[in-house]
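Report on the structure
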Amino acid sequence: MSTDTYIAKLNEALQTIKVKLPLDLSSPRVLIICGSGLGGIASKISSPLEIAYSDIPGFKVSTVAGHAGKLVFGTMGSNAVPVMCMVGRLHFYEGYEFNDTNFPVRLASLLGVSTMIVTNAAGGLNTGYKAGDLMIIDDHLNLPGLAGFHPLRGPNLEMFGPRFQPLSDAYSLKLRQLFFQKKLALNITRTIHEGTYVFAAGPTFESRAEVRMLRVLGGDAVGMSTVPEVIVGRHCGLEVLAVSLITNEGLGAKPASAFDKEPERLDKGMASHDEVLENANAASKDVQMLVSEVVNEL
């Protein structure tokens, strides 16, 4: 798709949404992207107005279990902060191009969003992380990007940002501090870490050797999303907060040897999408409260 066609699609989507939104919701301040099993964040939105992805020109349809595939507009918190919530994200592994998966982020920027909150379900790499913990992302490793599959590859969209986007400040310190402050204020006992998120393209979960490699590289958690959205969000000038829910612990021990007389079960500790959704659902109420309280301050 040419740059002119892409921008025309964005403008068409923009006009389609504006027609559907009442005046008080037409300029959302915050974009919230819900990760696997975390769509319940949308339940914190007052006077919600839903628009299915399939009803928006240029939008692709989410194909993953646990991703509803709709935008929810409304207000959040006692300060009635106008928000735009993606209940179900789009992934590179679904076969979409990065310009497709990040279409909603650029659309949010055109609508006037200035802050983006991204959530995800991730596997724990750091051996100190347990399933059910949260991790505030303070940096990332973009493995597909380093290999040439970068969300800003191709002609630069000057209307959004520069050709060479710095990422040393990708994750807002102010928002990370606010998130932790709200954890204390709400007396939430769930463990919260701060660490580096590794973006792997997926859709397979990591092999044992890959888990060991990512630990050596400095990764604390690994997942199949978030980083492309963050990069494009920063390119659009958005302030970013990103939070991972650790849904499983990475299995890095070498597999049983074929020469062992009594090998351990090879599936012991293996990750599954059902496990991801189960652990996400268990922690969803804490995540919902924290995101709502952070949004209320924006």
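What you see is a predicted model; the values in this text were computed from it and never measured.

The next thing to look at is the packing of aromatic side chains. Following the criterion strictly, the structure yields six aromatic pairs and no others. Residues F92 and F98 carry aromatic rings whose centres are separated by 4.4 Å and whose planes lie at 10° to one another, so their mutual orientation is stacked. Judged by its relative accessible area of 23%, F92 is partly exposed. For F98, a relative accessible area of 8% puts it in the buried group. On the basis of an interplanar angle of 50° and a centroid distance of 6.0 Å, the ring pair of F92 and F149 is categorised as tilted.

What follows deals with the pairing of strand β9 (residues 239–249). Buried residues dominate β9, accounting for nine of its 11 residues. Across 10 bridges, the pairing between strand β5 (residues 115–124) and β9 is parallel. Of the residues in β9, the one forming a bridge with T115 is E239. Bridge count between strand β6 (residues 134–142) and β9: three bridges; the pairing is antiparallel. Among the inter-strand pairings, L134 is bridged to a residue of β9, identified as L245.

Here the focus is the pairing of β6. Remember that side chains alternate between the two faces of the sheet whenever the strand is regular. As judged from the eight bridges shared by β6 and strand β7 (residues 192–199), these two strands associate in the parallel manner. Within β7, the position partnered with I137 by the bridge is G195.

Here the residue pair G202 and P203 is connected by a cis peptide bond, since its omega of 5° sits within 30 degrees of zero. Note on placement: P203 falls in the loop between β7 and α6 (208–217). At T226, a position not held by glycine, the phi torsion is positive, near 75°. By the secondary structure assignment, T226 is in the loop between β8 (221–223) and α7 (227–235). Assessed through its relative accessible area of 0%, T226 is described here as buried.

A word on the UniProt feature "binding site: phosphate" (unreviewed entry) in the chain. Those residues carrying the UniProt feature "binding site: phosphate" (unreviewed entry) are S36, H67, R89, L90, H91, A121 and S225 in this numbering. By relative accessible area, H91 is classed as buried at 5%.

Another aspect to go through is the nonpolar core. The biggest cluster of nonpolar side chains holds 49 residues, and the ones touching the most others in it are I17, L31, L71, F73, L107, M116 and Y171. In this structure L107 touches L10, A13, L14, I17 and F59, once residues within four positions along its chain are discounted. Counting residues in hydrophobic clusters, the runner-up holds 30 residues, among them A42, F179, I192 and V294.

Moving on to the environment of G218. Among the secondary structure elements, G218 is positioned in the loop between α6 and β8. Taking C-alpha positions, G218 is 30 Å from V30, a pair spaced 188 residues apart along the chain.

Rules behind the numbers
Residues numbered from 1 in each chain as written. Predicted model: local features only at pLDDT ≥ 70, side-chain atom pairs only at ≥ 80, totals over all residues. Heavy atoms only, no water. Phe/Tyr/Trp six-rings, centres within 6.5 Å; stacked < 30°, edge-to-face > 60°. Buried < 20%, exposed > 50% of the residue type's maximum accessible area, 1.4 Å probe, protein only. Helix = DSSP H or I, 4+ residues; strand = E, 2+ residues; numbered from the N terminus. Pairing = 2+ DSSP bridges. UniProt positions renumbered as here; feature names shortened; annotations may be inferred. Core = buried A, V, L, I, M, F, W, Y, C linked by side-chain atoms within 4.5 Å. Contact = heavy atoms within 4.5 Å.

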